[in-house]
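These are the residues of each chain, in order.
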Amino acid sequence: MKEYRSLVFIILSIFAITLLGAYFSPTFQEQKTFLELFFLMGSLLFIFSVLVIFATIGFGSFALYGAVFLAAVMGMYGIEGALLVTGMTYFVWGSMFAMEVLLVYNGLKSAQEWFKQRYTFKSFKLEYKVFYPMLIVAYIFLEIIPSIFYRESFLKFSPSKVLKAMEKLLD
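These numbers come from a predicted model, not from an experiment.

1. Considering the packing of helix α5 (residues 121-130) against helix α7 (residues 159-170)
Relative placement of two packed helices is described by the angle separating their axes and the distance separating the axes.
Phase 1 of the analysis: Relative to each other, α5 and α7 sit at 155 degrees, their axes nearing to 9 Å. If you check the angle between α5 and α7, you find them roughly antiparallel. Regarding α5 and α7, the two cross each other, and that crossing is right-handed. Residues F121, F124, K125 and Y128 of α5 touch α7, and the partners they reach there are P159, V162, L163, M166, E167 and L170.
Phase 2 of the analysis: Its residues placed into classes, the contact of α5 with α7 shows eight nonpolar, no polar and two charged.

Next comes the structure, spelled out in structure tokens:
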């Protein structure tokens, strides 16, 4: 609970500092810039909070809510806002998915339970194909780079082994 208080304090501080910057700016142009930054920060906070909600709901519900949310964002912020939301959703969701797949690949029981609660093999396979680039990026950053720095051996990643293990786990 204490972490959440810190997070809320940091977020409120960012907004307060931005508003103070707008209030004490000597020129109208600087005030306008700070106010635009204030609204941009609010928009990004809203987008990230919706991403967290979508991550907890699950992918089935996400498709419907995501379409409505994208339409609303496109109406408010145009195509750039919709691209930002789509890109951030892919990055956040793909990162979570890739880390969980790598944890299952390394034999962690809690990650296996996470997949059992949320996926069938068919839905897993679909997301596996969609987030395959994120899986490779996560593998590089979580396995290869640390093994180079610490001079340890690393587990080789095999997509076919992952699919076989997940088929066995989810069927």
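2. Here's the deal with helix α4 (residues 109-118)
Phase 1 of the analysis: Inspection of α4 places A111, Q112, W114 and F115 among the buried residues, and these make up the whole buried set. Around the axis of α4, the buried residues are gathered within 155 degrees of arc, so they sit on the same side. In α4, the exposed residues that point more than 90 degrees away from the buried face are K109, S110 and Q117.

3. Digging into a nonpolar patch on the surface
Phase 1 of the analysis: Among the surface-exposed residues, M99, V137, I140, F141 and L142 lie close enough to one another that they form a single nonpolar patch of about 450 Å² accessible area.
Phase 2 of the analysis: Take the nonpolar patch: its biggest share by element is four residues, from helix α6 (residues 132-150).
Phase 3 of the analysis: Tracing the backbone shows L142 in helix α6.

Cut-offs applied
- Residues numbered from 1 in each chain as written.
- Predicted model: local features only at pLDDT ≥ 70, side-chain atom pairs only at ≥ 80, totals over all residues.
- Heavy atoms only, no water.
- Axes fitted to C-alpha atoms, helices over the stretch in contact; angles between N-to-C directions.
- Helix = DSSP H or I, 4+ residues; strand = E, 2+ residues; numbered from the N terminus.
- Parallel < 35°, antiparallel > 145°, perpendicular 65-115°, else oblique.
- Left-handed = near helix turned anticlockwise from the far one by under 90°.
- Contact = heavy atoms within 4.5 Å.
- Nonpolar A, V, L, I, M, F, W, Y, C, P; charged D, E, K, R; others polar.
- Buried < 20%, exposed > 50% of the residue type's maximum accessible area, 1.4 Å probe, protein only.
- Arc of directions from axis to C-beta.
- Patch = residues over 30% accessible without salt bridge, like charges linked within 9 Å, V, L, I, M, F, W, Y side chains within 5 Å.
- Areas by Shrake-Rupley, 256 points an atom, 1.4 Å probe, with all protein chains shown as cover.
- Salt bridge = Lys/Arg side-chain N within 4 Å of Asp/Glu carboxyl O.

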